[in-house]
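Secondary and tertiary structure notes
Given next are the chains, with one letter for each unit.
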Amino acid sequence: MEILKAKQKLLNFMSIRSDNADLLKAQYRAFTRQMPMMYFILISSTWALSITHMQSAPIWLTVGIPALFTLGCTLRIGFWWRTRNAEPGPDVAYAALVRTNRLAVGIPIAFTVWSFLLVPYGDAYAQSHVAFYMAITVISCIFCLMYVRSAAFIVTVIVNGAFIVFFITSRQPTFIAIAVNVALVCAGMMSILLTNYRNFERMVIAQQRTEALSNENLLLANIDSLTDLPNRRAFFAHLETEFQRAKAENTRLALGVIDLDGFKPVNDLYGHSAGDKLLIDVSRRLTTSLKASRAFRLGGDEFAIVAPVAPDDTQLLANANAISEWLRAPYHLPEGTVHISASMGIAVFPNLASTLEQLFDRADYALYHAKRTRRGGAVLFDVEHEKQINIEARTEHLLKQANLEDELSVMFQPIVNIDYGQTVGFEALARWHSPVLGCVSPAQFFSIAERAGIVGSLTRPLLKKALVFASEWEKSLRLSFNLSAHDLNTCEGVLSLIGIIESSGFDPWRLDLEITETAFAHDFEQIKLSVEMLRRLGCGISLDDFGTGYSSLTRLHALPLTKIKIDRSFVTDLHKRPASLKIVKSLLTLSRDMGLECVVEGVETPEELAALRGLGGTLVQGYLYSRPLSDKGAAEWCFSAARQAGSPAS
């Protein structure tokens, strides 16, 4: 058994390793630099020895054989020189090293035999030159062959073995001493060579491990750990590559950005674990539904699709809607069956998007419109969207340059208690009259201000104006004022609002500050902290447009709310739509159960008002009673309402 193990070790030592491709290529690269030098040493040393024997040895021995050696060595130099800059595959490198191993047998034998043939010719000096030639040549070969230990060992054994035996048997003390000396030197050099080879091998393996770790880290840096989809970083790198390719080949490139509708309620109701499972299922559906395209997770519940071979717009939109439909199918989780949808915005290069930044921004803009107008469907960025972007860019520019103190104004819409026919307060509504654009819709300029991050510069002057006018009202009337989530995102922002309220002289207990459910999508803990600060001041907190967002009961209970407002979308034709009737009835019941007041917005017809009375609604506002009024109109309304007991207008 021990003999077999030793034999196997010897075979391994004498063979070329084929199990490590990187080691093979590293050996090959080292060889391409060192082998030409080895053959050059052989040629120069051979001719030097040949010249010293030309007068005493036959010409075939001093010229013929060296010429053949030179031809062979020159061919090998040419081979290694041609491949010095090549990056070989593992098979090519292995074949070259095996060939070197074989030549390590033939070449030393040929040169050794030729050297011994020269020994009988010449005097003692010439014979000493032969010994020197063999010793110095084998040492040179050992150095040059150090990265293929088997070849170096073969050369050493053949040359040194023959050298030592030949010169020891000569019985010349000088030659015997030289033979022993050379044997010891070569043994020492082989020991050093083996150590260097082991270090070389370990270095290559260490580089492999480092590269593998680096590749693994790169993979981790580019893969979303939850869904195994490429992440945001990988998305932008891939999009850049595909964009440059499409630009060079003059082809279409489509980008789709997806946002899940209704994902947050799943997290709120079932917990983050269920949310994670849902995201994994969404990723699987995306992956299986795509062929030539590639899906990415950008973060949270946002995904992207890059389609390098985009069909025409009609087919592209059809494909996108098919994906949205596939994502809309129920998800059966261990916690329960959930239903979500997926809105998608699409942009195409070079159609209306000439740069990488434009492509992404316009897909994102199309997503924004999809969530507003086609929730759960796909919207393709088109010429109308481009016009809207230009309008919004101009509006944003003018908004930033505007004299807001002069250009902004406040209108007031009455809130009426229909049980008593009394006005209980007014909601302040913003108006902007631009010298350039004229009157701009609040829905337009507020959304632009929010996206531009300048909504605070609108809120502050509007709140000041509203408080000044409301200070002239009767003490029983309340003021409702809308806040953006951005107004509550920082402690500085809410402290600024508190400062305005306190300096106005208006009783905070008469002020209702309205926030929308979109605030829940921001930093909820900061929103909660800001709301609690305003509540401690005495302000009421209303949840505006209730029922249109995705707030959960957990979130509702977490905020110190005093009032909810039912969105007008549920009120329009309430008496004709059973579904809306049930929703409003449920919301009114919920508000009563939570001990909250409930204001119903958008009441425009007597039939809607009658339906609300039947459901137990109490507080309403809408065009049935009054359109938004100026500050003077609000004062006149109060005076008239006091006299007429709040009879509704037709």
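These numbers come from a predicted model, not from an experiment. Along every chain, residues carry numbers that run from 1 in the direction the sequence is written. For this predicted model, a pLDDT threshold of at least 70 governs which residues receive local features, and a threshold of 80 or more governs which side-chain atom pairs are given and counted, while totals over whole chains, interfaces and linings are taken from all residues. Calculated side-chain values reflect all of the structure's heavy atoms, with hydrogen atoms and water omitted.

Overview of the overall build of the protein chain
By definition, any uninterrupted DSSP run of H or I lasting at least four residues is a helix, any uninterrupted run of E lasting at least two residues is a strand, and each is numbered from the N terminus. Scanning the protein chain from terminus to terminus reveals 22 helices and 16 strands. To get the radius of gyration, use the C-alpha atoms; to get the globule rule, take the number of residues to the power 0.38 and multiply by 2.2 Å. Computed over the C-alpha atoms, the radius of gyration of the protein chain is 44 Å, more than 25% above the 26 Å expected from 2.2 N^0.38 for a compact globule of 650 residues. Taken over the C-alpha atoms alone, the protein chain extends approximately 145 × 60 × 50 Å along its principal axes. A burial count over the protein chain gives 47% of its 650 residues as buried. Contacts are assigned to residue pairs that have any heavy atoms within 4.5 Å of one another. Pairs at least 24 apart in sequence give 71% of the contacts found in the protein chain among residues at least 6 apart. Accessible area of the protein chain: about 32,000 Å², with a carbon and sulfur share of 59%. Positive charge is attributed to Lys and Arg, negative charge to Asp and Glu, and no charge count is given to His or to the chain ends. For the purpose of locating charges, the reference atoms are NZ of Lys, CZ of Arg, CG of Asp and CD of Glu. The protein chain carries 62 positive and 63 negative side-chain charges, and their two centres are separated by 10 Å. Burial classification: accessible surface area is computed with a 1.4 Å probe over protein chains only, and a residue below 20% of its type maximum counts as buried, one above 50% as exposed, and the rest as partly exposed. Computed with a 1.4 Å probe, the accessible areas rest on the Shrake-Rupley method; for each residue, only the protein chains presented here act as cover.

Regarding the state of the cysteines
A pair of sulfur atoms, both from cysteines and within 2.5 Å, is called a disulfide here. Enumeration according to the criterion identifies 0 disulfides in this entry. Among the cysteines around Cys-539, which has no disulfide bond, Cys-491 carries the closest sulfur, lying 16 Å off. Note on Cys-539: relative accessible area 0%, which makes it buried.

Re a nonpolar patch on the surface
On the surface, a nonpolar cluster with roughly 810 Å² of combined accessible area is contributed by Ile-51, Met-54, Ile-59, Trp-60, Val-63, Val-105, Ile-109, Val-113 and Leu-117. Along the chain, Val-63 falls in helix α3 (residues 59–82). A patch consists of residues whose relative accessible area exceeds 30% and which take part in no salt bridge; residues with like charges are grouped when within 9 Å of each other, and nonpolar side chains (Val, Leu, Ile, Met, Phe, Trp, Tyr) when within 5 Å. In what follows, salt bridge is the name for a side-chain nitrogen of Lys or Arg lying within 4 Å of a carboxyl oxygen of Asp or Glu.

Details of the side chain of His-238
With respect to the helices, strands and loops of the structure, His-238 is situated in helix α8 (residues 232–249). Look past the residues within four positions of His-238 in its chain and what remains in contact with it is Arg-294, Phe-296 and Val-306.

Notes on the pairing of strand β11 (residues 478–482)
A pair of strands counts as paired when DSSP detects no fewer than two bridges linking them. Sheet analysis places strand β9 (residues 422–434) next to β11, joined by 3 bridges and oriented parallel. Each residue of the ladder has a partner; that of Phe-426, found in β11, is Leu-479. By convention, orient the strands away from the viewer: a clockwise path from the first strand over the helix to the second makes the crossover right-handed. With helix α17 (residues 491–504) bridging β11 and the parallel strand β12 (residues 511–516), this β-α-β connection has right-handed handedness.

Focus: the confidence of the model for the protein chain
Per-residue confidence for the protein chain gives a mean pLDDT of 82; residues scoring 70 or more make up 90%. In this model, residues 645–650 is a region of pLDDT below 50 whose contacts with residues beyond four sequence positions or in other chains number 9 contacts. The predictor's confidence in any single residue is recorded as pLDDT, a number from 0 to 100.

Focus on the packing of α3 against helix α4 (residues 90–118)
Simply put, an axis is a line fit to the C-alpha atoms, just over the touching stretch for a helix, and the angle between two N-to-C directions goes from 0 to 180 degrees. Running from N to C, α3 and α4 point in directions that differ by 165 degrees, and their axes come no closer than 12 Å. Here α3 lies roughly antiparallel to α4, going by the angle between them. As α3 runs across α4, the sense of the crossing is left-handed. From α3, Leu-61, Thr-62, Ile-65, Pro-66, Phe-69, Cys-73, Arg-76, Phe-79 and Trp-80 reach across to α4, where they touch Ala-96, Arg-99, Thr-100, Leu-103, Ala-110, Phe-111, Trp-114, Leu-117 and Leu-118. Looking at the contact of α3 with α4 residue by residue, the class counts come to 14 nonpolar, 2 polar and 2 charged. Should an angle fall under 35 degrees it is taken as roughly parallel, and over 145 as roughly antiparallel, whereas 65 to 115 is taken as roughly perpendicular and any remaining angle as oblique. Put simply, a crossing is left-handed when the front helix is turned counterclockwise from the back one by less than a right angle, and right-handed when it is turned clockwise. Under this grouping Gly is polar, as are all residues other than the nonpolar Ala, Val, Leu, Ile, Met, Phe, Trp, Tyr, Cys and Pro and the charged Asp, Glu, Lys and Arg.

With respect to the packing of α4 against helix α5 (residues 124–144)
Following both chains from N to C, one finds α4 and α5 inclined at 165 degrees, their axes separated by 9 Å at the closest point. In terms of orientation, α4 lies roughly antiparallel with respect to α5. Where α4 crosses over α5, the two elements pack in a sense that is left-handed. Together, Phe-111, Thr-112, Trp-114, Ser-115, Phe-116 and Leu-118 of α4 and Val-130, Tyr-133 and Met-134 of α5 make up the contact between the two elements. Looking at side-chain class alone, the contact of α4 with α5 contains 7 nonpolar, 2 polar and no charged residues.

Considerations on the pairing of strand β2 (residues 294–299)
In this sheet, strand β3 (residues 302–307) lies alongside β2 in antiparallel orientation, the contact comprising 5 bridges. Across the sheet, Phe-296 pairs through a bridge with Ala-304, a residue of β3. Where β2 folds back onto β3 in an antiparallel hairpin, the turn is made up of 2 residues, including Gly-300, whose phi is positive at roughly 60 degrees.

Topic: a negative patch on the surface
A contiguous patch of negative charge on the surface is contributed by Glu-240, Glu-357, Asp-361 and Asp-364. Residue contributions to the negative patch peak at 3 residues, all from helix α12 (residues 356–373).

Some remarks on helix α11 (residues 313–328)
Spanning 16 residues, α11 covers 22 Å between terminal C-alpha atoms, matching the ideal 22 Å at 1.5 Å per step. Every buried residue of α11 is accounted for by Leu-316, Ala-320, Ile-323, Ser-324 and Leu-327. One side of α11 holds all its buried residues, which, seen down the axis, span an arc of 100 degrees. As for α11, its buried residues are in contact with β1 (253–261), α10 (272–289), β3, β4 (331–333), β6 (341–349) and β7 (378–380). In protein, a polar contact means a hydrogen-donor-capable atom and an acceptor-capable atom, both N or O and within 3.5 Å, with residues adjacent in sequence counting only if both atoms are side-chain atoms; elsewhere, any N or O pair within 3.5 Å suffices. Capping the start of α11 is the job of one residue whose side-chain oxygen sits 3.1 Å from the backbone nitrogen of Thr-314: Asp-312. Multiply 1.5 Å by the residue count of a helix minus one, and that product is the helix's expected span. This arc is built from the directions going out from the helix axis to the C-beta atoms.

Quick notes on the packing of aromatic side chains
Under the pairing criterion, centres of Phe, Tyr and Trp rings, with the six-membered ring standing for Trp, must be within 6.5 Å; the plane angle then separates stacked pairs below 30 degrees from edge-to-face pairs above 60, leaving the rest tilted. Evaluation of the coordinates by the stated rule reveals 13 aromatic pairs. Their ring planes at 85 degrees and their centres at 6.1 Å tell us that Phe-412 and Phe-469 sit as a pair that is edge-to-face. Here Phe-412, found in strand β8 (residues 408–417), pairs with Phe-469, found in helix α16 (residues 456–470); they are 57 residues apart in sequence, far enough to count as distant. You can call Phe-412 buried: its relative accessible area is 0%. Among the aromatic residues, those joined into a cluster by ring pairs are Phe-235, Phe-236, Phe-296 and Phe-360. Sitting over the face of the ring of Trp-326, Arg-285 holds its NZ or CZ atom 5.4 Å from the ring centroid. Looking at Arg-285, its charged tip hangs above the ring of Tyr-331, at a distance of 3.6 Å from the centre. Two conditions define a charge located above a ring, namely a distance within 6 Å from the ring centre to NZ of Lys or CZ of Arg, and an angle within 35 degrees of the ring normal.

Digging into the environment of Cys-144
Relative to the elements of secondary structure, Cys-144 occurs in helix α5. Linking Cys-144 and Ile-501, residues 357 residues apart in sequence, is a C-alpha distance of 87 Å.

Details of the sheet that holds β1
The sheet built from 5 strands is open, its strands ordered β2-β3-β1-β6-β7 with mixed pairing. The sheet is open, and its two borders are formed by β2 and β7, each paired with just one other strand. Each neighbouring strand pair of the sheet contributes to a mean axis angle of 20 degrees, computed without reference to strand direction.

Points about unusual backbone geometry
Note that the residue after Phe-349, namely Pro-350, is joined by a cis bond; omega there is 5 degrees. The residue Pro-350 is located in the loop between β6 and α12 in this model. Even without being glycine, Asn-250 reaches a positive phi, approximately 55 degrees. Residue placement: Asn-250 occurs in the loop between α8 and β1. Given a relative accessible area of 67%, Asn-250 falls into the exposed group.

Re helix α21 (residues 606–615)
Of the positions making up α21, those classed as buried are Glu-608, Leu-609, Ala-611, Leu-612 and Leu-615. Projected onto a plane normal to the axis of α21, the buried residues spread over an arc of 160 degrees and lie on a single side. Residues of α21 that are exposed and point over 90 degrees away from its buried face: Pro-606 and Gly-614. Its buried side turned inward, α21 meets α20 (578–593), β15 (597–600) and β16 (619–620). Phi turns positive one or two residues past the end of α21, at Gly-616, with a value near 95 degrees.

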